[in-house]
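# Fold and contact review
This is what each chain is made of:
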Amino acid sequence: MIYRVVNEERMDQVRELWDYCFEKQDTPFFQYYFNEYCGKNNMVIGGYSEAPKGVREKLRTMVHINPYMLRIRGREQLVPYLVGVATAPEARGQHLVEPLFETTFEVLRSEGFTFATLMPIQAGIYLPYEFAYCYYRHGYELPLAELGRELAGAQGKELAVERLALRPDAEALAAAEAVLATLYAQLTSRYNGVPLRTHFQWNKLLTVHALEGMQCAVVYRKEQPCGYMFYYIAEDCLTIHELMAVDFAARNRLLQYVAMHQSSAESVKWLATYDDSTYLGFANQKLTGTLEPFMMARCLDARKALLELTVSADMPAASVVLLLTDKLINRNNHLVKLQLGPGELNVKSTLDAEEIIMDMGAFTQLYFGAYNASELYAAGRIRVQAGAEEKLTLLDKLFPKCTNFINEYF
């Protein structure tokens, strides 16, 4: 196999494989993605079968690398989002994903990236490559009639809902961004791992939403927007794609708006934020939803991640020796001593005996704040040498838990 960054001359095979595995060529998303975005604003790495001279190589596997600016532990950094991981049907079963990822990780490390994210169709595909769940969502699925009953009487008279036009023309896109961008920035400021939507990202998001027939509703309080919701209706189900609101009253007003669609749909699906509390007022406990894994992440350069970590001013003077292991990236195996103090962290290679051992999946979950060290240890994700149990408390303080949120799909 030959792995390379795909150029425009080879993009036709990428289109064909995407059509086979994902959206078809005649869908709005496919047309936008390959005409406006792919190869221009992202990178594709493909694996090709070797062929005799004069015979065109065939694309066997691929991954698309889409850049996002994420805020991780207070620091903004560019993090590639891996999408479109696919293998041609005639090449499946040949274990091509591992060398594809090995090549991709080396390319991304060489360009200075510290982490990568992806949304798995099946987690078992990616767990062997030390991706780990770092984002969760609170999932609801219930009849619209039940939602209406649960929210009865919750409407505030000062709150009004209006639909916002979504069209793929410049004027409509600018008008929608003017209403939504400030709200999104305000409402996601408390989350970790959250994408910072630039003008480019908003234009991309709203264009695709408009092309795919997504609807947008905005809730106003005294003519000031205080929440919004993207949604669509298909096969008797209203799916909430994204709902953000400044308080519970604005959120409930949007959900009441949803409940009024009983003539158009029978049920509602909603992947709410991890910390959503809508269910607390539900009388029927069977409708309170479930915790659902959403997005995985992986560290590509643990030493760089540690060097960029912000340390609290009340960190005690202490040290811990970590053994960090990586199955795919040899240069990402480290035995390091972390020397800590108030607002300080020194990372040094050491020959001292390791005190705590973890693989890249566990390290990524720790760094993203999905779990603290004590939780990972209790789950068997971290090993602690005898006599070093107190070091878990130190790592808990160095890597406090965070509430993570992301809602990007390509």
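This one's a predicted model, so the numbers in the text were calculated from it and none came from an experiment. (Residues numbered from 1 in each chain as written. Predicted model: local features only at pLDDT ≥ 70, side-chain atom pairs only at ≥ 80, totals over all residues. Heavy atoms only, no water.)

## A look at the environment of Ala-145
Defined as follows: To qualify as a helix, a DSSP run of H or I must reach at least 4 residues; to qualify as a strand, a run of E must reach at least 2; elements of each kind are numbered from the N terminus.
For Ala-145, the position within the fold is in helix H5 (residues 144-150). As for Ala-145 and Asp-352, which are separated by 207 residues in sequence, their C-alpha atoms are 63 Å apart.

## Describing the sheet that holds strand S18 (residues 382-384)
Convention followed: Paired strands, in this sense, are two strands between which DSSP finds at least two bridges. With axes taken as lines fitted to C-alpha atoms, and helix axes fitted only over the stretch in contact, angles between N-to-C directions fall between 0 and 180 degrees. We call two residues in contact whenever any of their non-hydrogen atoms come within 4.5 Å of each other.
Strand order across the open sheet formed by five strands is S16-S15-S14-S17-S18, with mixed pairing between neighbours. Of all strands in the sheet, those with a lone pairing partner are strand S16 (344-349) and S18, marking the two edges. Each strand of the sheet is rotated relative to its neighbour by a mean of 25°, with strand direction disregarded. Bridge count between strand S14 (residues 318-325) and strand S17 (residues 356-359): four bridges; the pairing is parallel. From the neighbouring strand, Leu-323 faces S17, where its bridge partner is Ile-357. Here helix H12 (residues 391-398) sits on the sheet in contact with S14, strand S15 (334-341), S17 and S18, set at roughly 85° to S14.

## Quick look at the pairing of strand S3 (residues 59-72)
Threshold: Relative accessibility under 20% of the residue-type maximum defines a buried residue, over 50% an exposed one, and the middle range a partly exposed one, all with a 1.4 Å probe and only protein chains included.
Counting buried positions along S3 gives twelve out of 14 residues, so the element sits mostly inside the fold. Bridge analysis of strand S2 (residues 43-48) against S3 gives six bridges, and the strand direction is antiparallel. Looking at S3, one finds that Gly-46 is bridged to Met-62. Where S3 and strand S4 (residues 75-87) come together, eleven bridges link them in antiparallel fashion. Its bridge partner lying in S4, Tyr-68 is registered against Val-79. From the end of S3 to the start of S4, which pair antiparallel, there are two residues, and Arg-73 there has a positive phi angle of about 50°. Sheet analysis places S3 next to strand S8 (residues 194-195), joined by two bridges and oriented antiparallel. From the neighbouring strand, Arg-71 faces S8, where its bridge partner is Val-194.

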